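# Topology and contacts: notes
If you want the building blocks of each chain, they are given just below.
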Amino acid sequence: MDIPKIGFGTHQLNSVTCREYLSHAFKCGYQHLDCAHRYMNESVIGENLESILLDSNESVKREDIFITGKLPINGLAEDKVSYFFDKSSSALRTKYLDLYLIHGPFSAKYLSDDEYYAVDKQTGLFAADESVDFRKTWAEMEKLHRRELVKHIGLSNFNKRQMEEVLEKAEIRPKVLQIEVHGYLQQKELREFCRDEKIIVEAFAPIGSPVTAAELGKKVLINDPIINEIATKHKKSASQVALRWLRQMDVIPIVSAVTKEQMAENIRIDDFKLDEDDLKAIDGLDCGMRVYYLDDVKGVRDHPQYPFEK
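Reference entry: report on the structure contained in this document. Here the structure is a predicted model, which is why all the values come from computation and not from measurement. (Residues numbered from 1 in each chain as written. Predicted model: local features only at pLDDT ≥ 70, side-chain atom pairs only at ≥ 80, totals over all residues. Heavy atoms only, no water.)

## Regarding the overall build of the chain
Helix and strand counts for the chain stand at eleven helices and eight strands. Over its C-alpha trace the chain gives a radius of gyration of 19 Å, about what one expects of a compact globule, namely 19 Å for 310 residues. Accessible surface, the chain as shown: approximately 14,500 Å² in total, 46% of it carbon and sulfur. In the chain, 43 positive and 52 negative side-chain charges are present, and the distance between their average locations comes to 1 Å. (Helix = DSSP H or I, 4+ residues; strand = E, 2+ residues; numbered from the N terminus. Rg over C-alpha atoms; globule rule 2.2 N^0.38 Å. Areas by Shrake-Rupley, 256 points an atom, 1.4 Å probe, with all protein chains shown as cover. Lys, Arg positive; Asp, Glu negative; His and termini not counted. Charge placed at Lys NZ, Arg CZ, Asp CG, Glu CD.)

## Examining the packing of helix α4 (residues 134–146) against helix α5 (residues 160–169)
Two measures define how a pair of helices packs: the angle their axes make with one another and the distance between the axes. Put simply, α4 and α5 touch, their axes get as near as 9 Å, and they point 50 degrees apart. Comparing the axis directions of α4 and α5 gives the class oblique. Remark: the crossing between α4 and α5 carries right-handed chirality. Side by side, α4 and α5 meet where F134, R135 and W138 of the first sit next to Q162, E165, V166 and K169 of the second. By residue class, the composition of the contact of α4 with α5 is three nonpolar, one polar and three charged. (Axes fitted to C-alpha atoms, helices over the stretch in contact; angles between N-to-C directions. Parallel < 35°, antiparallel > 145°, perpendicular 65-115°, else oblique. Left-handed = near helix turned anticlockwise from the far one by under 90°. Contact = heavy atoms within 4.5 Å. Nonpolar A, V, L, I, M, F, W, Y, C, P; charged D, E, K, R; others polar.)

## What about the pairing of strand β7 (residues 200–204)?
Burial within β7 is extensive, with four of its five residues counted as buried. As paired elements, strand β6 (residues 176–180) and β7 share five bridges and run parallel to each other. Its bridge partner being in β7, Q178 is matched across the sheet by E202. Crossover connection from β6 via helix α6 (residues 188–196) to parallel β7: handedness right-handed. Pairing of β7 with strand β8 (residues 251–255) involves three bridges; the strand directions are parallel. By the bridge assignment for β8, A203 is matched with P253. (Buried < 20%, exposed > 50% of the residue type's maximum accessible area, 1.4 Å probe, protein only. Pairing = 2+ DSSP bridges. Right-handed = clockwise from strand over helix to strand, strands pointing away.)

## Here we look at the packing of aromatic side chains
Summed over all chains, the structure comprises twelve aromatic pairs. Pairing F106 with Y306 gives two aromatic rings, centres 6.1 Å apart and planes at 50 degrees, and the pair type is tilted. Of this pair, F106 sits in the loop between β4 (97–102) and α4 while Y306 sits in the segment after α11 (276–283), placing them 200 residues apart in sequence. Side by side, F106 and Y306 carry an identical accessibility label, which is buried. Here the aromatic rings of Y116 and Y117 are separated by 5.0 Å at their centres, their planes lie at 80 degrees, and the arrangement is edge-to-face. According to the relative accessible area criterion, Y117 is buried, its value standing at 12%. (Phe/Tyr/Trp six-rings, centres within 6.5 Å; stacked < 30°, edge-to-face > 60°.)

## Quick notes on the nonpolar core
Within the largest apolar cluster, 91 residues are counted, with the highest numbers of intra-cluster contacts made by L22, Y100, Y117, M163 and L177. Ranked by residue count, the leading element in this core is helix α9 (residues 238–248), at six residues. Once you skip the residues sitting within four places of it in the chain, L177 turns out to touch L155, S156, N157, F158, M163, L190, C194, I199, I200, V201 and E202. (Core = buried A, V, L, I, M, F, W, Y, C linked by side-chain atoms within 4.5 Å.)

Structure representation (structure tokens):
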């Protein structure tokens, strides 16, 4: 199964919403579920997904679904890769994953399964494990692929230099790089590198994560006058324009939604096309505005493998 051209992000799903939202996502046409140990809801997703697969009224089969999982940064040590994969696949109630990504290049000390950003109790700072070499982590990912536990393996939140280091030693090349990409953070150099290396780019925060951006006092992409002018021109929403731009840039958007109406709207981006004027206008919006710096704990940016400019 090829990677579907749009993914449904699952980070917002909980025990109350999961069954309803998953079922509706499949009815809308989503086939790609983007999951992660970090989201702390894999067991809920697995339970409800199994229920849907067993429900004769749903008409959904496992082979029709593309499931992505992610190795957490507190699991980058060589002896933790298989452990965390088994934990995720068991929670998701699937014998295999279609795609498994290293969630980030900087390693946290392993203190417990759920302490993604490990904290040093004495200093209150991020407890980094600088002994971990992500190239050796990648070698363990390759073992999962050889055992046919995962169909594809890839990276998330790696920069160009870090990807070059992986590629230099890799026996199995990364299939995917998942990064933040949207009109305000277009990542042109990194996308060009991936294109040259035949690595698929997936975008999280594909419409600029409007709620989080607003909370942080940053610009909101879907409120941008240029995006809205293009949306009016095509009789589409601003979100659909932002997502269609990614589609035409050969980037797979990973979308999330707080309502079923948004869920249905986000996938309806194949019935129009942005013209050259539209693309040029959106190209001019690039200002390098990152929403997610992955620095939830003080001290993360001091890690030698922190991937972004400090």
